[in-house]
Amino acid sequence: MSNRLAWKWGFIIAILLGSLYLIYPNYKWYSKPLAERETLDSMGERPKRMLNLGLDLRGGSSLLLELEVAKLDKKEPLNEAMARAIEIIRNRIDQYGLSETQITRQGDKWIMVQLPGVANPQRAEELIGKTAMLEFRIVKENTDAYSKAIEKLEETETPFDDNGLLIPSIAELLPDDVQIMRNKEGGYLVVTKEVTVTGADLDDARLTMYGENGYPEVAFSFNAEGSKKFGKLTGANIGKRLAIVLDNTVQSAPTVQSRITKDGRISGTFTLDEARQLTIVLKAGALPAPVKIIEKKTIGPTLGEDSIKSGLTASFYGLLLILVFMAIYYKGAGFIADTALILNLILLTAVMSYFSATLTLPGIAGIILSLAMAIDANVLIIERMREEIRLGKPIYEVIHLGYDKAWSAIFDSNITSIIVAACLLQFGTGPVKGFAVTLIIGLTVSLFTAVFVTRAIYELILTSNPKEISL
């Protein structure tokens, strides 16, 4: 065996061992009972580099959100707002501990959020839909004008609009520089309309257990610019109440005892889960505009398991038929092609596991198609070899010319398929992207197994100086 051939086989064996190493965590994880997997997942003990199952295979929930573009800042372009909203939603879900989530843009103003394994999406809905607009306002002392406005407010059935702001008939009773807001603890407060410090000035937020009143609190700290603004606001209003407003509702209104620059806290009658969600949304940032859920779907885990069984059964029988056909029709060369095909499947699974790809039903279809393309490449090579044998060429030349003449057709067909798959990945949505990802990875791997690996096998056979080869 030449040094060149030894290096080839050393490389192939190293790739195979590395692939088995990457695949093993999948076997170890998915061989556990579902209840045990869910427990380990909630504890954050799920392996990082592993093949994930999509919503159609694992079951879970799907939410279609619509960004209310009419409420966007007119200075912010729609594309930038959508990108920011997607990133904020992703951060909120990641911090809440939900894994394998897929978040994609659909059309101009819609966002698809898929939550595999989440049967009851209520908490996720609350987390995603909260605008989380944090503001700091000064509470104004009651006057006769304020009292009259509050009296009319209490007499009105719906004094606030959908945004939590006063309707015009009540707002006109107030001076232009103030407004009335709901107090979470009951009643209403009159606060300044001007807002100088917002959640955008925060540097961090964290859950504190427990506050002075026995309830969880959310502690926060400002960035450099926010510290200056908050210090100026509190320094000028010592002895007055400072309203901490979240989404147009006053969460708490403590009295300013001294100038505050860096740290503060939000207290109230929070439950532990409410305080945790508030911490998450403050850390992730406020959405550029409210989002509303316009479609909600739940897929049961039983349906997902049925899909997996159906997909695996179809794949198994399809692969078995190909292996049997190749071994019978092309004899020894067919057996070599079968070996490369099995290696192709192993490498494909390993690559997807390394990148923590999400496998869906269309993804399984992409895998099957890439395997078909891989075997097609071997058929081209073998038929070229048969042509050279009929011309009476020696075995070494048969193999060499067979690969050289088939290469251009193999390369062109795979590259054109990869280009089409790349277009699907770029412009497609949801299931189409899953199909495109697996197809691209599968076609790339097939070029390695169908050409490099099978040629290395033939070159190894040639070292024994055979008089003929079984085709």
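Residues numbered from 1 in each chain as written. Predicted model: local features only at pLDDT ≥ 70, side-chain atom pairs only at ≥ 80, totals over all residues. Heavy atoms only, no water.

A.B. asks: Give a description of the confidence of the model for the protein that names residues and reports values.
C.D. replies: Averaged over all residues, the pLDDT of the protein is 82; the fraction at 70 or higher stands at 89%. Helix H5 (residues 122-129) is the least confidently modelled element of the protein, averaging 67 in pLDDT, while helix H11 (residues 331-354) averages 92, the highest of any element. (pLDDT = per-residue confidence, 0-100. Helix = DSSP H or I, 4+ residues; strand = E, 2+ residues; numbered from the N terminus.)

A.B. asks: Residue-level account of helix H1 (residues 3-30), with values.
C.D. replies: With 28 residues, H1 ought to run about 40 Å at 1.5 Å a step, and its terminal C-alpha atoms sit 41 Å apart, in line with that. Its maximal kink placed at Ile23, H1 deviates by approximately 25°, while the proline Pro25 follows within four residues. By the burial criterion, the buried members of H1 are Leu5, Lys8, Ile12, Ser19, Ile23, Asn26 and Trp29. (Expected span 1.5 Å × (residues − 1). Bend = angle between axes of the 7 residues up to and from the residue. Buried < 20%, exposed > 50% of the residue type's maximum accessible area, 1.4 Å probe, protein only.)

A.B. asks: Give a description of the environment of Asp306 that names residues and reports values.
C.D. replies: Along the chain, Asp306 turns up in helix H10 (residues 301-329). The spatial distance from the C-alpha of Asp306 to the C-alpha of Arg58 is 9.7 Å, given a sequence separation of 248 residues.

A.B. asks: Just give me the short version of empty space enclosed by the protein, but keep the residues and values in it.
C.D. replies: Overall, the coordinates contain 2 cavities of 30 Å³ or more when judged by the stated rule. By volume, the largest cavity is sized at about 60 Å³. In terms of lining, the largest cavity is formed by 10 residues, of which the most central are Trp29, Tyr30, Arg37, Arg46 and Arg58. Breaking the lining of the largest cavity down by element, the ones donating at least two residues are H1 and helix H2 (34-42). In terms of residue count, the dominant contributor to the lining of the largest cavity is H2 (4 residues). Residue composition of the lining of the largest cavity, grouped by class: 4 nonpolar, no polar and 6 charged. The space that makes up the second largest cavity amounts to roughly 40 Å³. Lining the second largest cavity are Ala333, Ile336, Ala337, Asn378, Ile381, Ile382, Tyr403, Thr454 and Tyr458. Going through the elements one at a time, H11, helix H12 (361-390) and helix H14 (431-462) are the ones with two or more residues in the lining of the second largest cavity. Residue classes in the lining of the second largest cavity are distributed as 7 nonpolar, 2 polar and no charged. (1 Å grid on protein atoms, 1.4 Å probe; cavity = no way out; pocket = protein on both sides within 12 Å on 5 of 7 lines; lining within 4 Å. Points joined across faces, edges and corners; volume = space filled by probe spheres on them. Nonpolar A, V, L, I, M, F, W, Y, C, P; charged D, E, K, R; others polar.)

A.B. asks: Give a detailed account of the sheet that holds strand S8 (residues 197-198), specifying residues and quantitative values.
C.D. replies: The mixed open sheet is built from 6 strands, whose spatial order is S7-S6-S12-S11-S5-S8. The outermost strands of the open sheet, each flanked by one partner alone, are strand S7 (188-192) and S8. Examined bridge by bridge, strand S6 (residues 178-183) and strand S12 (residues 249-252) share 2 bridges and lie parallel to one another. The residue of S12 that forms the bridge with Arg182 is Thr249. (Pairing = 2+ DSSP bridges.)

A.B. asks: With reference to specific residues and values, describe H11.
C.D. replies: The first and last C-alpha atoms of H11 sit 35 Å apart over 24 residues, in line with the 34 Å expected at 1.5 Å per residue. Where H11 ends, the next residue or the one after it, Ser356, has phi of about 50°, a positive value.

A.B. asks: Summarise the nonpolar core; cite the residues concerned and give the values.
C.D. replies: One finds Met352, Met385, Ile399 and Tyr458 to be the most contacted residues of the largest nonpolar core, which totals 46 residues. Contributions of two or more residues to this core are made by H10, H11, H12, helix H13 (395-427) and H14. A total of 11 residues in this core trace back to one element, the largest contributor, which is H14. Ignoring anything within four residues of it in the chain, the contact list for Met352 reads Leu51, Ala357, Leu359, Ile367, Thr438 and Ile441. (Core = buried A, V, L, I, M, F, W, Y, C linked by side-chain atoms within 4.5 Å. Contact = heavy atoms within 4.5 Å.)

A.B. asks: Give me the sheet that holds strand S13 (residues 263-266): which residues, what numbers.
C.D. replies: The antiparallel open sheet is built from 3 strands, whose spatial order is S9-S10-S13. Both edges of this open sheet fall to strand S9 (202-208) and S13, since each of them pairs with a single strand only. Shown here is a sheet whose adjacent strand axes are inclined to one another by a mean of 25°, direction ignored. (Axes fitted to C-alpha atoms, helices over the stretch in contact; angles between N-to-C directions.)

A.B. asks: Hey, could you go over the packing of H1 against H11 for me, with residue numbers and the actual values?
C.D. replies: Running from N to C, H1 and H11 cross one another at 55°; their axes reach a closest spacing of 8 Å. Regarding the angle of H1 to H11, the classification is oblique. The chirality of how H1 crosses H11 is left-handed. Residues Ile12, Ile15, Leu16, Ser19, Leu20, Leu22, Ile23 and Asn26 of H1 lie in contact with H11, whose contacting residues are Leu343, Ile346, Leu347, Thr349, Ala350, Ser353 and Tyr354. Partitioned by chemical class, the residues of the contact of H1 with H11 number 11 nonpolar, 4 polar and no charged. (Parallel < 35°, antiparallel > 145°, perpendicular 65-115°, else oblique. Left-handed = near helix turned anticlockwise from the far one by under 90°.)

A.B. asks: Could you give an account of the pattern of salt bridges, naming the residues involved and the relevant values?
C.D. replies: Taken as a whole and judged by the stated rule, the model has 14 salt bridges. For Glu459, the salt bridge is made with Arg4, and the minimal N-O distance between the two is 4.0 Å. Placement of the pair is Glu459 in helix H14 and Arg4 in helix H1, with a sequence separation of 455 residues. Judged by its relative accessible area of 17%, Glu459 is buried. Of the residues examined, Arg4 reaches a relative accessible area of 56% and is grouped as exposed. Where Arg386 meets Glu383, a salt bridge forms, and the shortest distance between an N and an O atom there is 3.6 Å. Linking Arg386 with Glu383, this pair stays in helix H12, spanning 3 residues, or about one helical turn. A relative accessible area of 28% places Glu383 in the partly exposed class. Through salt bridges with shared partners, a single ionic network connects Arg4, Lys8, Asp404, Arg455 and Glu459. (Salt bridge = Lys/Arg side-chain N within 4 Å of Asp/Glu carboxyl O.)

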